[in-house]
Amino acid sequence: MFSKLLTPLTKYADFNGRAARAEFWPFVAAIYALIALVLLVAFAVGGFSLDGFLAVYFHISPWLSLFVLIILLPLLAVTTRRLHDLDRTGWWLIAPYVVGVAAYIVALIVNAGPMMDMLASMRDAAQLHGAPLSPSDMMTLQRPVFRLLLPWVVAPSLLAQIALYIYCARPGASGDNRFGAAPR
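Predicted model only: the values in this text are computed from it and were never measured.

A. Examining the nonpolar core more closely. One finds Phe 24, Phe 27, Ile 31, Leu 75 and Leu 83 to be the most contacted residues of the largest nonpolar core, which totals 17 residues. Elements that contribute at least two residues to this core include exactly α2 (21–45), α3 (50–85) and α6 (135–168). With 6 residues, the next largest nonpolar core counts Ala 107, Met 115, Leu 148 and Val 153 among its residues.

Rendered as structure tokens:
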């Protein structure tokens, strides 16, 4: 089991060929379980509130971002190979990102009025303060922006990602296909 978990790391940037479900799922499940655990701990440390979570998240986000950068290439590669096993191109990977960007644009359009009011209050707070605001003051002022945007952006992006993974759960194409021989 542990060797299957590490197989995508041994093929770090190999986008060619096919990947069976047995190569794909342990790796993806381990990544998401680790990220979920870190976010759950951040939520617990933050007192089970959005404000507390965001305060903790801003402190751990550089480390989480570094982890994501390190693991991104093998994740994209194994997902591309999994799509190849389903006789689809790796370009299907961009669907959740296209949905996320579209959702972000819709969120900005729908919430333009409240966001402009928040930006004006940030400007007024900065002018009242007389000096540049500290990072914690800026974070306090930006929390309402996150509350406005998160539901609009996270839900559609997450649903698109789940749809892609549900598609990847299907059995691969039997026999050889245009991407190579069937995985063992």
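The rest of the description comes next.
B. Local environment of the environment of Leu 54. Along the polypeptide, Leu 54 turns up in helix α3. A residue is classified by how much of its surface remains accessible, and Leu 54, at 4% relative accessible area, is buried. For the pair Leu 54 and Ala 42, spaced 12 residues apart in the sequence, the C-alpha separation amounts to 8.4 Å.

C. A look at the packing of α2 against α3. Between α2 and α3, the least distance of the axes is 9 Å, while the angle of their chain directions is 175°. As the angle between them shows, α2 and α3 are arranged roughly antiparallel. Looking at the contact of α2 with α3 residue by residue, the classes come out as 23 nonpolar, 1 polar and 4 charged.

D. Inspection of the confidence of the model for the protein at higher detail. Chain-level pLDDT for the protein is 86 on average; 90% of the residues reach the 70-or-more range. At the level of individual helices and strands, the protein shows its lowest average pLDDT in helix α5 (residues 112–129), which scores 74, and its highest in α2, which scores 92.

E. The arrangement of the packing of aromatic side chains in detail. Throughout the structure, instances matching the rule amount to 9 aromatic pairs. Aromatic pair Phe 24 and Trp 25: ring centres 4.8 Å apart, planes at 80°, arrangement edge-to-face. The class for Phe 24 is buried, based on a relative accessible area of 0%. Overall, the relative accessible area of 28% leaves Trp 25 in the partly exposed class. Measuring from centroid to centroid gives 5.5 Å for Phe 43 and Phe 48, while their planes differ by 85°, and the two rings are edge-to-face.

F. Here's a closer look at a nonpolar patch on the surface. A contiguous nonpolar surface patch, about 650 Å² in accessible area, is contributed by Leu 6, Leu 9, Tyr 12, Trp 63, Leu 66, Ile 70 and Leu 73. Mapped onto the nonpolar patch, the elements with two or more residues apiece are α1 (2–10) and α3. Among the elements that make up the nonpolar patch, the one with the highest residue count is α3 (4 residues). By relative accessible area, which is 35% here, Tyr 12 ends up partly exposed.

G. Main features of unusual backbone geometry. In the Ramachandran plot, Phe 48 falls in the positive-phi region, its phi being about 60° despite a non-glycine side chain. Checked against the element boundaries, Phe 48 lands in the loop between α2 and α3. For Asp 87, which is not glycine, the phi torsion reads 65° and is therefore positive. Following the sequence through the fold, Asp 87 ends up in the loop between α3 and α4 (95–110).

H. Layout of the side chain of Asn 177. Within the secondary structure, Asn 177 sits in the segment after α6. Only 2.9 Å separates the side chain of Asn 177 from the backbone oxygen of His 84, close enough to count as a polar contact. A distance of 2.8 Å separates the side chain of Asn 177 from the backbone nitrogen of Phe 179, its partner in a polar contact. What Asn 177 contacts, discounting residues up to four positions off in sequence, is Arg 18, His 84, Asp 85 and Asp 87.

I. Expanded view of α2. Along its 25 residues, α2 runs 35 Å from first to last C-alpha, staying within 8% of the 36 Å computed at 1.5 Å per residue. Those residues of α2 lying buried are Glu 23, Phe 24, Pro 26, Phe 27, Val 28, Ile 31, Ile 35 and Ala 42. Two residues or fewer after α2 comes Gly 47, characterised by a positive phi angle close to 80°.

Parameters at a glance
Residues numbered from 1 in each chain as written. Predicted model: local features only at pLDDT ≥ 70, side-chain atom pairs only at ≥ 80, totals over all residues. Heavy atoms only, no water. Core = buried A, V, L, I, M, F, W, Y, C linked by side-chain atoms within 4.5 Å. Buried < 20%, exposed > 50% of the residue type's maximum accessible area, 1.4 Å probe, protein only. Helix = DSSP H or I, 4+ residues; strand = E, 2+ residues; numbered from the N terminus. Axes fitted to C-alpha atoms, helices over the stretch in contact; angles between N-to-C directions. Parallel < 35°, antiparallel > 145°, perpendicular 65-115°, else oblique. Nonpolar A, V, L, I, M, F, W, Y, C, P; charged D, E, K, R; others polar. pLDDT = per-residue confidence, 0-100. Phe/Tyr/Trp six-rings, centres within 6.5 Å; stacked < 30°, edge-to-face > 60°. Patch = residues over 30% accessible without salt bridge, like charges linked within 9 Å, V, L, I, M, F, W, Y side chains within 5 Å. Areas by Shrake-Rupley, 256 points an atom, 1.4 Å probe, with all protein chains shown as cover. Salt bridge = Lys/Arg side-chain N within 4 Å of Asp/Glu carboxyl O. Polar contact = N/O pair within 3.5 Å; in protein donor to acceptor, adjacent residues only side chain to side chain. Contact = heavy atoms within 4.5 Å. Expected span 1.5 Å × (residues − 1).

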